[in-house]
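Each chain, letter by letter, is given below.
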Amino acid sequence: MAITEGGHRAGRADAVEPVAAARPVDYVWAIARIFLGWTFLWAFLDKLFGWGFATPAERAWINGGSPTTGFLKGTGENALGGLFGSLAGQVWVDWLFMLGLLGIGAALMLGVGMRVAAVTGGLLLVLMWAAALPLDTNPFMDDHLIYAVVLAGLAMAGAGDTLGAGAWWGRTPLVRRYPILK
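Residues numbered from 1 in each chain as written. Predicted model: local features only at pLDDT ≥ 70, side-chain atom pairs only at ≥ 80, totals over all residues. Heavy atoms only, no water.

A. Looking closely at helix H4 (residues 91–110). Helix length check: H4 (20 residues) gives 28 Å between terminal C-alpha atoms against 28 Å at 1.5 Å per residue, within 8%. For H4, the set of buried residues is Val93, Asp94, Phe97, Met98, Leu101, Ile104, Gly105, Ala107 and Leu108. Looking at the packing, one finds that the buried side of H4 touches helix H1 (24–49), helix H2 (69–73), helix H3 (81–87), helix H5 (114–131) and helix H6 (143–156). One or two steps after H4, the chain reaches Gly111, where phi turns positive at roughly 85°. (Helix = DSSP H or I, 4+ residues; strand = E, 2+ residues; numbered from the N terminus. Expected span 1.5 Å × (residues − 1). Buried < 20%, exposed > 50% of the residue type's maximum accessible area, 1.4 Å probe, protein only. Contact = heavy atoms within 4.5 Å.)

Structure representation (structure tokens):
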């Protein structure tokens, strides 16, 4: 059995891997993760309950409103408006959208499932970007694309390990068996 740096034995199932001290940049990524997670989670909560920020109470999902109608119906004149407009208000689209907001937001806030959150969040953001084409203020760039890149950076930087449960999550048997869930 070989001894690794830090004095731990390599190859033993019960060996404890040394934990590196968090660097200042790790805290920056962690804070970005929490802030972006709150952005997704807040969108879910406001659309669910209609707290009057982006969604008035009468259009809340729990009051029979559709969380996708407002945004997608407003895309009618856009380049892909016919496609996205036809999805507005469909029950399956509403459920996928809301579950996506909740799942991505919760994963980011907790720091678990960062890879899945980055891929699904990136896909959601790119679809929202595509629905808004052509953009009003820039030929192609907006915050949806920036957030998608930040999501990728969060996953690659292991941002869930600092100020989150990502390190613990990564050691679970499920994640060890299916590393995509890290």
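Having seen it, we continue.
B. View of the packing of aromatic side chains. A complete count under the given rule lists six aromatic pairs for this structure. Ring centres 5.7 Å apart and planes at 40° place the aromatic pair Trp38 and Trp42 in the tilted group. Taken as a pair, Trp38 and Trp42 lie in helix H1 at a separation of four residues, close to a single helical turn. Given a relative accessible area of 41%, Trp38 falls into the partly exposed group. For Trp42, a relative accessible area of 25% puts it in the partly exposed group. Ring plane angle 15° and centroid distance 5.2 Å describe the contact between Phe49 and Trp51, whose orientation is recorded as stacked. Taking relative accessible area as the criterion, Trp51 reaches 43% and is therefore assigned partly exposed. (Phe/Tyr/Trp six-rings, centres within 6.5 Å; stacked < 30°, edge-to-face > 60°.)

C. Looking closely at the nonpolar core. One finds Phe40, Met98, Leu101, Leu108, Leu124, Leu151 and Leu154 to be the most contacted residues of the largest nonpolar core, which totals 23 residues. Secondary structure elements with two or more residues in this core: H1, H4, H5 and H6. Not counting the four nearest positions on each side in its chain, Leu151 is found in contact with Leu36, Phe40, Leu108, Ala117, Ala118, Gly121, Gly122 and Leu125. Leu72, Phe84, Leu133 and Leu135 belong to the second-largest nonpolar core, a separate cluster that totals 10 residues. (Core = buried A, V, L, I, M, F, W, Y, C linked by side-chain atoms within 4.5 Å.)

D. Seen up close, unusual backbone geometry. Note the cis peptide between Leu133 and Pro134, where omega equals -5°. Inspection of the secondary structure puts Pro134 in the loop between H5 and H6. At Leu163, a residue that is not glycine, the phi angle is positive and equals roughly 60°. Mapping Leu163 onto the fold places it in the loop between H6 and helix H7 (166–171).

E. Spatial organisation of the packing of H1 against H4. The geometry of H1 relative to H4 is characterised by a closest axis approach of 7 Å and an angle of 150° between their N-to-C directions. Two packed elements cross with a definite hand, and for H1 against H4 that hand is left-handed. Residues Arg33, Ile34, Leu36, Gly37, Trp38, Phe40, Leu41, Ala43, Phe44, Lys47 and Leu48 of H1 form the contact with H4, whose own contacting residues are Phe97, Met98, Leu101, Leu102, Ile104, Gly105, Ala106, Leu108, Met109 and Leu110. Its residues assigned to classes, the contact of H1 with H4 shows 17 nonpolar, two polar and two charged. (Axes fitted to C-alpha atoms, helices over the stretch in contact; angles between N-to-C directions. Left-handed = near helix turned anticlockwise from the far one by under 90°. Nonpolar A, V, L, I, M, F, W, Y, C, P; charged D, E, K, R; others polar.)

F. Fine view of the side chain of His144. Position of His144 relative to the elements: it lies in helix H6. Within the local environment of His144, its side chain forms a polar contact with the side chain of Asp142, the two groups lying 2.9 Å apart. (Polar contact = N/O pair within 3.5 Å; in protein donor to acceptor, adjacent residues only side chain to side chain.)

G. Spatial organisation of the packing of H4 against H5. Closest axis-to-axis distance for the H4/H5 pair is 9 Å, and the angle between their directions is 135°. Relative to H5, H4 is oriented oblique. You can see that H4 and H5 cross each other, and the crossing is left-handed. Here Phe97, Leu101, Ile104, Ala107 and Leu108 of H4 lie close against H5, whose contacting residues are Met114, Ala117, Thr120, Gly121, Leu124 and Met128. (Parallel < 35°, antiparallel > 145°, perpendicular 65-115°, else oblique.)

H. Representation of the environment of Ala107. Within the fold, Ala107 resides in helix H4. In this structure Ala107 comes out as buried when scored by relative accessible area, which is 12%. Each C-alpha atom of the pair Ala107 and Ile34 lies 9.6 Å from the other, and the pair is 73 residues apart in sequence. Beyond its immediate chain neighbours, meaning those up to four positions away, Ala107 contacts Val112, Gly113, Met114 and Ala117.

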